[in-house]
Amino acid sequence: MKSIFLAVLMFTFYSTFAQSKTETFDMVLHDGWNMQSSQTATATGDKISQKNFNAASWYNVSVPTTIIAGLLANYYYNFDPFYAKNFEKLADKRLNKTWWFRKSFQLPATESGKNVVLKLHGINYKANVWLNGKLISDSSQVKGPFRIIELDVTKDINYDGDNVLALEILRPFNPNKRDGDLAIDYADWIHYPPDYNGGIVNNVEIKTYNKVGVQFPFVSTHFDLPSLDVAHLNVYAVATNYTNEAQDATIKGKINNDIDFHQTVHLAPNEKKQIVFSNDEYKQLNIQHPKIWWPWQYGKQDLNRITISAEADGNTSNTISENFGIREVTSTFINNASREFIVNGKPIMLRGAAWSPDIFQRHSLNRDKQELKLVRDMNMNIVRSEGKFEDDNFYDVCDEKGLLVMTGWMCCGAWQYPENWDKAERAVAMSSDSSMMYWLRNKACIMVWLNGSDMPPRDTSVERDYLNIEAALNWPNPLVSTADASKSKVSGYSGVKMNGPYDWVPPAYWEADTSEYGGAWSFATEISPGPSIPPYESLIKFLPKDSISNTNSDWLYHCGTMNFGNTKIFDSALYGRYGNPSSMKDYIAKAQLQNYEGERAMMEAYGLKKYHTATGVVQWMLANPWPSLIWHTYDYYLYPAGSYFGMKESMVPLHVMYSYKSNAVDVTNSLLQKFDGLSVKADIYNLDGTNKYSNTITTSVDEDSIKECFGLPNISDLSGTYFLRLELKDADGKIKDINWYWLSQKSDELNWKKSKWYYTPQSSFTDYTALNNMPQTSVDVEHSTDKNADSSTHKITIKNTGKAIAFFVHVRVLKGKKADDILPVIFSDNYISLAPGESRTIGCTYSNKDAGEAAPFVLISGWNLNAAQSKGEKNVGFE
């Protein structure tokens, strides 16, 4: 049997039923599909959509699926497409032709005689739709992966017995080109899958109604700010008459089973009408002391419940119920360059990363939960989704976890050039926009919609049409014309920027630039210090061991494309700053240092300058659609390394930090709480571990603000490379943060005059080469385990027993000695440093199902660790 390894094993598939949403009858056609190339299945649609057609030899798939995802699920390939350059082997001329997706289904007897609607969400790119031997709609009407398309199939449904649905789908062509299809585009992120994600990328549903139906319930919120005592709600829905005769219908609503409202509407034949329950007319929608939804660091994620039903002739046609959040998101301008977002009257400094779905568009609720757990563990509060839309499960998890989502249209191909659209393409774009508004407007997590990415729509009439649609559908959140700093001729300044960088810049960069590039000002919607090198344990999963070289073609293939097809800029800085690596494992170790300090400095600088005039920063990216060497905070295998823990440290809610620009110590507070009686301590150590400076003060910090504590003095006899340890304790003496820096008396210098859109080169590098000759030290390790039914937690206490700093100590927990890492995993901290005699306890939590059968093994390594002299209990090792 043909086999495929990691590309399949990484994903466990789940139904796209969103448990937060229920409906009286909603048949999601998920399992039991058959897929085949039209080059193999040469019969016509009228034959393929008959129940007596034999599709036994076709591929069995579940929907959503792209063509390649379906082939992977059937073990069609005898190679891992993510290994080395195997991805190129996916090329197949059949992918350029249509593919059939066939599904048999039966309606329950309870639905007999009702109006039946086929709902398609996610046809990529266009399809001929056949049902029971008849062409229902052709590819001139059914196209666009972001559209919600409803087809009335009442006349063609079999209420008794089998129905056969057959979709003949043609993939998109050239979505990355200005004259291509309006589909899913990856720009310069990755190599394109050769099917261009052709297939079905969201749900296919059968819905039934008794003459009329209601859908797309939505609740908007307005507060009398600053008071949150009363929430003024408006409720919206869409009522449709599915008959050729006028109908009178009663639309009923209920919130949380205790607030009722209704109205009678007259619907012309086949009319679709927006229904509005205004709080001016329905006074019960002015809710006293409401349950409010907050971003996770600001308060609780209380969700309410809206239920809407339609009745005709005294009979309930359908009822739909889903969660919503009582919350209000607005924005204001600090200046033309800086837009500040406000949630429930409170400004919020947004720090997060850009979401990237699986390269083959495979949806997994389990994977979503795992990744979004990592997002919160890094103390992020936002993810950005650029033209890549997940299923309802993703947004439900964000609702539940209090994570905000920035989303909107894609750069850089067909979506970016509306002036090239013909009438049919423009219709696809407008239908896509209205579909997205209906779909996303009731989700608590969605905070903003971008009508463009790298620029506003180049055809001003397109932006006007977008805005008209969004206003008509009562979009509740801020609308921004673009993710960059362009001024729209229609809607004015964006108040955000995407001025780079996307490749390596040193920590000093972020505070040094105050008005032109990617420094800590405005809202940076995508920005990054470049490559993020996975640890060796991940590299060997997608690179042959003899290819683990930053000049090898396999290595380069797993970078990005175009300007980002190598790691040269990052590598040059690493060699200049840390010295030439003695081996690739030494390179990887140094890369973790550079990733840690680079990511930490970016997020810390934006936090330090929040509201003056920094208002947000989105790391490009959170993770990669496949195993990659650039732009991620954790790698494709969910391994958290240097980038991850630099990010996590930088966004500790009550945080102590060092300013590279002012040479001062600051406290940043991201919580809506003032803190008094804080103890801030700074210690400076020479490379040999001797303490050269110590200072402690008591201070306070207001809610969501910054407090400059003290500057650091010039110190005599300080080694060329030295360490700064910062510690923050609360009024009860509890440690809230420990933050270590490695610094040099020689600074990084930037050559601003030679800046490019994706980076600013350095004219000279700091000097950390002395780290290569640090004195060794040893550690003692103790650990305990608390195992319950679902998860296990380790408490790992590490004590530095030597006289030197124990630098960049890395803790791993394996599935047994010499086994793989347990992943995913949550560490309270990692890559820690310890002063002589210092002891710290690290927490580690994971799901038991990910741990294997053997006893977990704790493996400790460090930059200057003497493994032979270090001591640990059973199931503890050193390297």
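Below: a short report on this structure. (Residues numbered from 1 in each chain as written. Predicted model: local features only at pLDDT ≥ 70, side-chain atom pairs only at ≥ 80, totals over all residues. Heavy atoms only, no water.)

**Quick word on the sheet that holds strand β33 (residues 654-659)**
For step 1, the next point in the chain: On the basis of which strands lie adjacent, the open sheet formed by three strands has the order β33-β34-β37 and antiparallel pairing. With partners counted over all chains shown, the strands left at the sheet margins are β33 and β37 (706-711), one partner each. Averaged over all adjacent pairs, the angle separating strand axes in this sheet is 25°, with direction ignored.
For step 2, the next point in the chain: In this sheet, β37 lies alongside strand β34 (residues 664-669) in antiparallel orientation, the contact comprising five bridges. Bridge pairing links Thr-668 to Ile-706 in β37. (Pairing = 2+ DSSP bridges. Helix = DSSP H or I, 4+ residues; strand = E, 2+ residues; numbered from the N terminus. Axes fitted to C-alpha atoms, helices over the stretch in contact; angles between N-to-C directions.)

**Regarding the pairing of strand β27 (residues 446-450)**
For step 1, the next point in the chain: Among the five residues that make up β27, five are buried, leaving the element largely enclosed by the rest of the structure.
For step 2, the next point in the chain: In this sheet, β27 lies alongside strand β26 (residues 404-408) in parallel orientation, the contact comprising four bridges. By the bridge assignment for β27, Gly-408 is matched with Leu-450.
For step 3, the next point in the chain: After leaving β26, the chain enters helix α6 (residues 423-440) and then returns to the sheet as β27, a path that is right-handed.
For step 4, the next point in the chain: When β27 meets strand β28 (residues 479-480), the two strands line up parallel, connected through two bridges. Within β28, the position partnered with Trp-449 by the bridge is Leu-479.
For step 5, the next point in the chain: Note on the crossover from β27 through helix α7 (residues 460-472) to β28: the handedness is right-handed. (Buried < 20%, exposed > 50% of the residue type's maximum accessible area, 1.4 Å probe, protein only. Right-handed = clockwise from strand over helix to strand, strands pointing away.)

**As for the state of the cysteines**
For step 1, the next point in the chain: Here the structure, examined in full by the defined rule, presents one disulfide.
For step 2, the next point in the chain: Disulfide partner of Cys-411: Cys-412, at an S-S distance of 2.0 Å. Judged by the sign of its S-S torsion, about -70°, the cystine formed by Cys-411 and Cys-412 is left-handed.
For step 3, the next point in the chain: Judged by its relative accessible area of 29%, Cys-412 falls in the partly exposed class.
For step 4, the next point in the chain: As a non-bridged cysteine, Cys-445 has Cys-398 as the owner of its nearest cysteine sulfur, 4.9 Å distant.
For step 5, the next point in the chain: We classify Cys-445 as buried; its relative accessible area is 0%. (Disulfide = S-S within 2.5 Å.)

**Observations regarding unusual backbone geometry**
For step 1, the next point in the chain: Residues Asn-124 and Tyr-125 are joined by a peptide bond in cis, for which omega reads 15°.
For step 2, the next point in the chain: If you trace the backbone, Tyr-125 turns up in strand β7 (residues 115-131).
For step 3, the next point in the chain: Cis geometry is adopted by the peptide bond preceding Cys-412, which originates at Cys-411 and carries an omega value of -25°.
For step 4, the next point in the chain: Relative to the assigned elements, Cys-412 resides in the loop between β26 and α6.
For step 5, the next point in the chain: Of note, Tyr-831 is a non-glycine position whose phi angle comes to about 50°, a positive value.
For step 6, the next point in the chain: In the Ramachandran plot, Asn-875 falls in the positive-phi region, its phi being about 65° despite a non-glycine side chain.
For step 7, the next point in the chain: Within the element layout of this structure, Asn-875 appears in the loop between β49 (871-872) and β50 (876-878).
For step 8, the next point in the chain: Asn-875 gets classed as partly exposed once you look at its relative accessible area, which sits at 28%.

**Focus: the pattern of salt bridges**
A side chain with one charge may pair with a side chain of the opposite charge, provided their charged atoms come close.
For step 1, the next point in the chain: Applying the stated criterion across every chain, the model contains 35 salt bridges.
For step 2, the next point in the chain: Of the charged contacts in the structure, one is a salt bridge between Glu-727 and Arg-725, with a shortest N-O distance of 3.1 Å. Here Glu-727 and Arg-725 have matching classes, each one buried.
For step 3, the next point in the chain: For the salt bridge of Lys-729 with Glu-727, the shortest nitrogen-to-oxygen distance reads 3.9 Å. (Salt bridge = Lys/Arg side-chain N within 4 Å of Asp/Glu carboxyl O.)

**Some details on the layout of surface pockets**
For step 1, the next point in the chain: Considering only enclosed or pocket space, the largest pocket measures out at about 880 Å³ in volume.
For step 2, the next point in the chain: What lines the largest pocket is a set of 29 residues, and nearest its centre among them are Tyr-536, Glu-537, Arg-812, Ser-861 and Glu-879.
For step 3, the next point in the chain: Contributing elements (two or more residues each) for the lining of the largest pocket: α9 (536-542), α12 (584-608), β44 (806-814) and β48 (857-861).
For step 4, the next point in the chain: Tallied by class, residues from the lining of the largest pocket come to 15 nonpolar, five polar and nine charged.
For step 5, the next point in the chain: Of the volumes computed, that of the second largest pocket is approximately 670 Å³. (1 Å grid on protein atoms, 1.4 Å probe; cavity = no way out; pocket = protein on both sides within 12 Å on 5 of 7 lines; lining within 4 Å. Points joined across faces, edges and corners; volume = space filled by probe spheres on them. Nonpolar A, V, L, I, M, F, W, Y, C, P; charged D, E, K, R; others polar.)

**Let's talk about the packing of helix α11 (residues 568-578) against α12**
For step 1, the next point in the chain: It is the contact of α11 with α12, at a shortest axis distance of 10 Å, that shows an interaxial angle of 100°. By the angle between their axes, α11 is roughly perpendicular relative to α12. Here Phe-570, Asp-571, Ala-573, Leu-574, Tyr-575, Arg-577 and Tyr-578 of α11 come into contact with α12, specifically with Tyr-587, Lys-590, Ala-591, Leu-593, Gln-594, Asn-595 and Glu-597. (Parallel < 35°, antiparallel > 145°, perpendicular 65-115°, else oblique. Contact = heavy atoms within 4.5 Å.)

**Comments concerning the packing of aromatic side chains**
For step 1, the next point in the chain: In the structure shown here, the tally under the stated rule is 63 aromatic pairs.
For step 2, the next point in the chain: Here the aromatic rings of Phe-218 and Tyr-236 are separated by 5.3 Å at their centres, their planes lie at 20°, and the arrangement is stacked. With Phe-218 in strand β13 (residues 212-223) and Tyr-236 in strand β14 (residues 230-241), the pair connects residues that are 18 residues apart, well separated along the chain.
For step 3, the next point in the chain: According to the relative accessible area criterion, Phe-218 is buried, its value standing at 1%.
For step 4, the next point in the chain: Take Tyr-236: its relative accessible area is 9%, and that puts it in the buried class.
For step 5, the next point in the chain: When the ring of Tyr-658 is compared with that of Tyr-660, the centres are 5.3 Å apart and the planes differ by 70°; the resulting orientation is edge-to-face.
For step 6, the next point in the chain: We classify Tyr-660 as partly exposed; its relative accessible area is 22%.
For step 7, the next point in the chain: Above the face of the Tyr-417 ring, Arg-178 is positioned so that its terminal group lies 4.1 Å from the ring centre. (Phe/Tyr/Trp six-rings, centres within 6.5 Å; stacked < 30°, edge-to-face > 60°. Lys NZ or Arg CZ within 6 Å of the ring centre and 35° of its normal.)

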